[in-house]
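# Reading the structure
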Amino acid sequence: MLGKTAGGLFWMFRYLERAENTARMIDAGLRISLTRSSAAESEWTAILSSTGLKSAYEAAHGAPDGPKIIDFLLRDPGNPGSVMAGIETARTNARTVRTALTREVWEAVNECYMVLKKLLAQPIADRDLPRVLQVIRQRTAIVRGASHGSMVRNDIYNFCRIGTFFERADNTARILDQKYYILLPSVRLVGSASDNVQWDTILRATSTTRAYQTLHEGETDPRAIAQFLILDGRLPRSLAFCYGKIGENLGFIGQEYDTRHPCHALAETLCHKFKAHDMNAIFDYGLHEFISDFLADSARLGRQIEIDYRFTE
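The structure contained in this document is the topic of the report that follows.

This part takes up the overall build of the protein chain. Each helix and strand in the protein chain was counted, giving 15 helices and 0 strands. Radius of gyration (C-alpha) of the protein chain: 19 Å, near the 20 Å computed for a compact globule of 313 residues. Projected onto its principal axes, the C-alpha coordinates of the protein chain cover approximately 55 × 50 × 35 Å. Across the 313 residues of the protein chain, 51% fall into the buried class. The contacts in the protein chain between residues at least 6 apart in sequence include a share of 68% that link residues at least 24 apart. Counting only carbon and sulfur atoms, one obtains 50% of the accessible surface of the protein chain, whose full area is about 14,600 Å². For the protein chain, the distance from the average site of its 38 positive side-chain charges to the average site of its 37 negative ones is 5 Å.

Attention now moves to the side chain of D27. Within the secondary structure layout, D27 lies in helix α1 (residues 3–35). Accessibility expressed as a relative area gives 16% for D27, which makes it buried. In contact with D27, other than residues within four places in its own chain, are L133 and R137.

Moving on, we get to the pattern of salt bridges. In this structure the tally under the stated criterion is 19 salt bridges. One salt bridge connects E268 with R260, and the closest N-O pair in it is separated by 3.0 Å. Classification of R260 as exposed rests on a relative accessible area of 52%. Linking D297 and K273 is a salt bridge whose minimum nitrogen-to-oxygen distance equals 2.7 Å. Of this pair, D297 sits in helix α15 (residues 287–308) while K273 is found in helix α13 (residues 262–276), placing the two residues 24 residues apart along the sequence. Looking at D297, the relative accessible area reads 11%, which means it is buried.

Here we take up the environment of L203. For L203, the position within the fold is in helix α9 (residues 193–205). Its relative accessible area of 3% is what places L203 among the buried residues. Sequence-wise, L203 and Q213 are 10 residues apart; in three dimensions their C-alpha atoms are separated by 9.9 Å. With residues near it in sequence (within four places) discarded, L203 still touches T208, T209, Y212 and I225.

A few words now on the nonpolar core. Core analysis: the biggest nonpolar cluster contains 96 residues, and I230, Y243 and L301 have the highest contact counts within it. Per-element accounting of this core gives the leading share, 12 residues, to α1. Filtering out sequence-adjacent residues up to four positions away, I230 remains in contact with L176, S238, L239, A240, F274, M279, I282, L287 and F290.

What follows deals with the packing of aromatic side chains. Going through the model one piece at a time under the given rule, you end up with 14 aromatic pairs. Measuring from ring centre to ring centre gives 5.4 Å for F10 and W11, while their planes differ by 85°; the resulting arrangement is edge-to-face. Relative to F294, the ring of F274 has its centre 5.9 Å away and its plane inclined at 65°; by these criteria the two rings are edge-to-face. Here F274, found in helix α13, pairs with F294, found in helix α15; they are 20 residues apart in sequence, far enough to count as distant. On the basis of relative accessible area, F274 is assigned to the buried category, the value being 10%. Its relative accessible area of 7% is what places F294 among the buried residues. The ring centre of Y157 lies 4.1 Å from the NZ or CZ of R153, which sits over that ring.

Our next topic: the environment of N249. The residue N249 is located in helix α12 (residues 239–257) in this model. N249 sits 90 residues away from F159 along the chain, and the two C-alpha atoms are 7.5 Å apart. Setting aside anything within four residues of it in sequence, one finds N249 in contact with N158, R161 and I162.

Parameters at a glance
Residues numbered from 1 in each chain as written. Predicted model: local features only at pLDDT ≥ 70, side-chain atom pairs only at ≥ 80, totals over all residues. Heavy atoms only, no water. Helix = DSSP H or I, 4+ residues; strand = E, 2+ residues; numbered from the N terminus. Rg over C-alpha atoms; globule rule 2.2 N^0.38 Å. Buried < 20%, exposed > 50% of the residue type's maximum accessible area, 1.4 Å probe, protein only. Contact = heavy atoms within 4.5 Å. Areas by Shrake-Rupley, 256 points an atom, 1.4 Å probe, with all protein chains shown as cover. Lys, Arg positive; Asp, Glu negative; His and termini not counted. Charge placed at Lys NZ, Arg CZ, Asp CG, Glu CD. Salt bridge = Lys/Arg side-chain N within 4 Å of Asp/Glu carboxyl O. Core = buried A, V, L, I, M, F, W, Y, C linked by side-chain atoms within 4.5 Å. Phe/Tyr/Trp six-rings, centres within 6.5 Å; stacked < 30°, edge-to-face > 60°. Lys NZ or Arg CZ within 6 Å of the ring centre and 35° of its normal.

Put into structure tokens, the structure is as follows:
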């Protein structure tokens, strides 16, 4: 496979996943703003920080404002990190690698773009926002479903999956870091009502509330939630699950070409870290420090994959 094709597939699915994750975070922020208006400003600020767009928003719009932030994240033409920009970039990548995709996947991506371009042509009214966010999640899920149901399990499929899980792990890690480490004002508040709200918000932003409640009978336990989102191999949005899949899909590519690259050894090392840690060790080390190390290691693996598979060709 040409490096340009591999890179196009990888980034196409990263942008699709990023758009969906942004919609999920907006939905979580909307719920908080409606139920706890006093926390609305800090919640929207945290969402901007989690998406890495805080500086860009402040440069364009100044002080945090819920409706402005929502518009900025969904459709602002000046924001290359908006949902609409991500979907458009995903479609551009899909066109570049069109011959590597099945017709079902291409049509799902193209329809996703056309539906959202029309839906996000104007600012979204408050009453319509929940429906719009639902459409974003549904349309990106249709693309994933089309790829899962119609693509041969070869290097093309594996690069799509690697892109998806890279972005998903990055999103989960950033939400954990922003909402717990930055928003929680003091370690003295651990276990307090303020702390519990932060953990509940983390579950909402990662769409894992129902799954967590099913396994833990609804009890808000910070250590159990962190365990769930970091180490639980059953949860498709946990760091351990995502990196297990990244390692697995890289392994399939290595087997297909009968070649190992430095990225394979690095991925195996990162996967082993999740098996070697428990939550006691992570909390003793520091959740923020653990997440910071993870994000640095993840970025290093991403760069190594781009080098090994020549994404820039």
